[in-house]
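Read off the chains here:
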Amino acid sequence: MHALFDSLRSFIKPQSCVIDNPIYQLHYKWTVLILLAFSVMVTARQYFGDPIECMGPAGVPPKLLDTFCWVHTTYSVEGAWRKRVGLDVVYPGVENSNGVREGRVYHTYYQWVCFVLFFQALAFWAPRFIWKMAEGGLTRNLVLGLNSPLLNGESREASIRLLTEYFTANMHLHNGRFFTYAATETLNLLNVVLQMLMLDRFLGNQFSSYGTEVLKFTEWDEAVRFDPMIKIFPRMTKCDFYNFGASGSIERKDALCLLPINVLNEKIFIFLWFWLYLLAVLSALTLLYRALTIFIPALRVMALNSHCRLSNSRAIKQVLSKGSIGDWFMLDLLAKNMEASNFKELIVRLKEKFETDADAESLDLLKDKLNLLSEKLSFMEKR
């Protein structure tokens, strides 16, 4: 079992450079890991056995019957779900249909479960891929070794000076990255909603209410535990196998099939139901927070201060007042990656730099006014 999931260990390795938030990581890291693990599990016969085993009349090879029923799907009888097990039916949904096709519910999903889970994982990775390409490694390059508290004095001074010069020269030029990040956060929420709708369609419009039905425990016979999961994922179904008889006429063979794989499938999809709903709620709250940071500048100060409590909130406010929301976003990413004392020093340097530039601008403006006044006085004296 350890070897089965060994290739997925890279998903849980800590990141050397953080360019997102914990909710974002739930999408591309933990959800992708969960989906890939489930996809691997449903194909691991050495651990969970054959996915289907069918019992038919004599003369039909068991392996042939298993393969035929797996490829051509099995079915349940709609009118037999609520009948008494052991008296009226052998299992909920399993009774003699006498070749009548009306009222049958065919189960075709189990052939595609591993593929659906895999492509879901790709869909959850896509927004992260877009954001990573747009970010282009800028945050990692800007850290300049300041994520270490053991950086020597000269290197620390040079890195902070370079960062100060960078932000001074590139103020108001980071908005594109911020709005790309916000767009991929929106994609995360849309993807969750679309995945839930897709699973609902995949499971015959039963996934949307699957979790609530499990929690309510519908009324089933005591011979089968009170569990609505067995309606969506039946462990016993029927299969019609047609063959030529001794006289050359077509005979219908009625087969009874066990689906051990559904014991695993039902647990996978009940977990996904709760996980996706939780992820949708958290993603919606993240978008609400993102909207508030756009329209409430004071919230940006609080957010940046929460990531580096050593920094003075007044100094942070002064620095952010000189830049745009994109500049705040880049500083926030740096705060997540830099050592706290180094980030505090960066904020102090930026504050001093902006104050010096403001004083220089004021002095230049005063000189311009004095020159203009001097020119006017000279013109009046000549007249």
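For the structure itself, consult the block above.
Residues numbered from 1 in each chain as written. Predicted model: local features only at pLDDT ≥ 70, side-chain atom pairs only at ≥ 80, totals over all residues. Heavy atoms only, no water.

## Focus on the packing of helix 11 (residues 261–295) against helix 12 (residues 297–307)
The relative placement of two packed helices is expressed as an angle between their axes plus a distance between the axes.
Next, step 1: Closest axis-to-axis distance for the helix 11/helix 12 pair is 5 Å, and the angle between their directions is 115°. As far as their axial angle goes, helix 12 and helix 11 are roughly perpendicular. Counted together, Tyr289, Leu292, Thr293, Ile294 and Phe295 of helix 11 and Pro297, Leu299, Arg300 and Ala303 of helix 12 form the full contact between these two elements.
Next, step 2: In the contact of helix 11 with helix 12, the residues fall into seven nonpolar, one polar and one charged. (Axes fitted to C-alpha atoms, helices over the stretch in contact; angles between N-to-C directions. Helix = DSSP H or I, 4+ residues; strand = E, 2+ residues; numbered from the N terminus. Parallel < 35°, antiparallel > 145°, perpendicular 65-115°, else oblique. Contact = heavy atoms within 4.5 Å. Nonpolar A, V, L, I, M, F, W, Y, C, P; charged D, E, K, R; others polar.)

## Section: the state of the cysteines
One way to say it: the disulfide is the covalent bond shared by the sulfur atoms of two cysteines.
Next, step 1: Under the definition given, this model contains two disulfides.
Next, step 2: Between Cys54 and Cys257 runs a disulfide, and the two sulfur atoms are separated by 2.1 Å. Because the torsion about its S-S bond is 105°, the bridge between Cys54 and Cys257 counts as right-handed. With Cys54 in strand 1 (residues 53–55) and Cys257 in strand 5 (residues 250–258), this residue pair connects regions lying 203 residues apart in the sequence.
Next, step 3: The buried category is assigned to Cys54, whose relative accessible area is 11%.
Next, step 4: There is a disulfide in this structure between Cys69 and Cys239, and the S-S distance comes to 2.2 Å. Here the S-S torsion is close to -95°, and the disulfide linking Cys69 with Cys239 is therefore left-handed. (Disulfide = S-S within 2.5 Å. Buried < 20%, exposed > 50% of the residue type's maximum accessible area, 1.4 Å probe, protein only.)

## A closer look at the packing of aromatic side chains
Next, step 1: Counted under the stated rule, the structure contains 22 aromatic pairs.
Next, step 2: Ring centres 6.0 Å apart and planes at 55° place the aromatic pair Trp112 and Phe115 in the tilted group.
Next, step 3: Given the relative accessible area of 44%, Phe115 is considered partly exposed.
Next, step 4: With 5.0 Å between their ring centres and 75° between their planes, Phe178 and Phe179 make a pair best called edge-to-face.
Next, step 5: Pairwise contacts between aromatic rings join Tyr24, Tyr28, Trp125, Trp131, Phe178, Phe179, Tyr181, Trp328 and Phe329 into one cluster.
Next, step 6: Lying across the ring of Tyr75, Arg104 places its NZ or CZ 4.0 Å from the centre.
Next, step 7: Against the face of Tyr28 rests Arg128, its NZ or CZ located 4.3 Å from the ring centre. (Phe/Tyr/Trp six-rings, centres within 6.5 Å; stacked < 30°, edge-to-face > 60°. Lys NZ or Arg CZ within 6 Å of the ring centre and 35° of its normal.)

## Regarding the pairing of strand 5
Next, step 1: Bridge count for strand 1 against strand 5 is three bridges, and the pairing is antiparallel. Within strand 5, the position partnered with Cys54 by the bridge is Cys257.
Next, step 2: By the bridge criterion, nine bridges tie strand 4 (residues 236–244) to strand 5 in an arrangement that is antiparallel. By the bridge assignment, Phe244 is partnered in strand 5 with Ile250. (Pairing = 2+ DSSP bridges.)

## Concerning a nonpolar patch on the surface
Next, step 1: A contiguous nonpolar surface patch, about 560 Å² in accessible area, is contributed by Trp125, Phe129, Ile130, Met133, Leu187 and Leu190.
Next, step 2: If you tally residues by element for the nonpolar patch, the top one is helix 5 (residues 113–135), at four residues.
Next, step 3: Here Phe129 is to be found in helix 5. (Patch = residues over 30% accessible without salt bridge, like charges linked within 9 Å, V, L, I, M, F, W, Y side chains within 5 Å. Areas by Shrake-Rupley, 256 points an atom, 1.4 Å probe, with all protein chains shown as cover. Salt bridge = Lys/Arg side-chain N within 4 Å of Asp/Glu carboxyl O.)

## Remarks on the side chain of Thr184
Next, step 1: Within the secondary structure, Thr184 is located in helix 8 (residues 175–202).
Next, step 2: We classify Thr184 as buried; its relative accessible area is 2%.
Next, step 3: Among the polar contacts listed, one links the side chain of Thr184 to the side chain of Tyr24, at a separation of 2.9 Å. (Polar contact = N/O pair within 3.5 Å; in protein donor to acceptor, adjacent residues only side chain to side chain.)

## So, the pattern of salt bridges
Next, step 1: Applying the stated rule across the entire model yields 11 salt bridges.
Next, step 2: The shortest N-O distance in the salt bridge between Asp20 and Arg128 comes to 2.7 Å. Within this pair, whereas Asp20 is found in the loop between helix 1 (2–5) and helix 2 (22–41), its partner Arg128 is found in helix 5, the two being separated by 108 residues in sequence.
Next, step 3: Relative accessible area serves as the criterion here: at 7%, Arg128 is assigned to the buried category.
Next, step 4: A salt bridge links Glu266 to Lys267, with the nearest nitrogen and oxygen atoms 2.5 Å apart.
Next, step 5: With relative accessibility at 0%, the residue Glu266 sits in the buried group.
Next, step 6: Bridged by salt links that share partners, the residues Glu157, Glu345 and Arg349 form one connected network.

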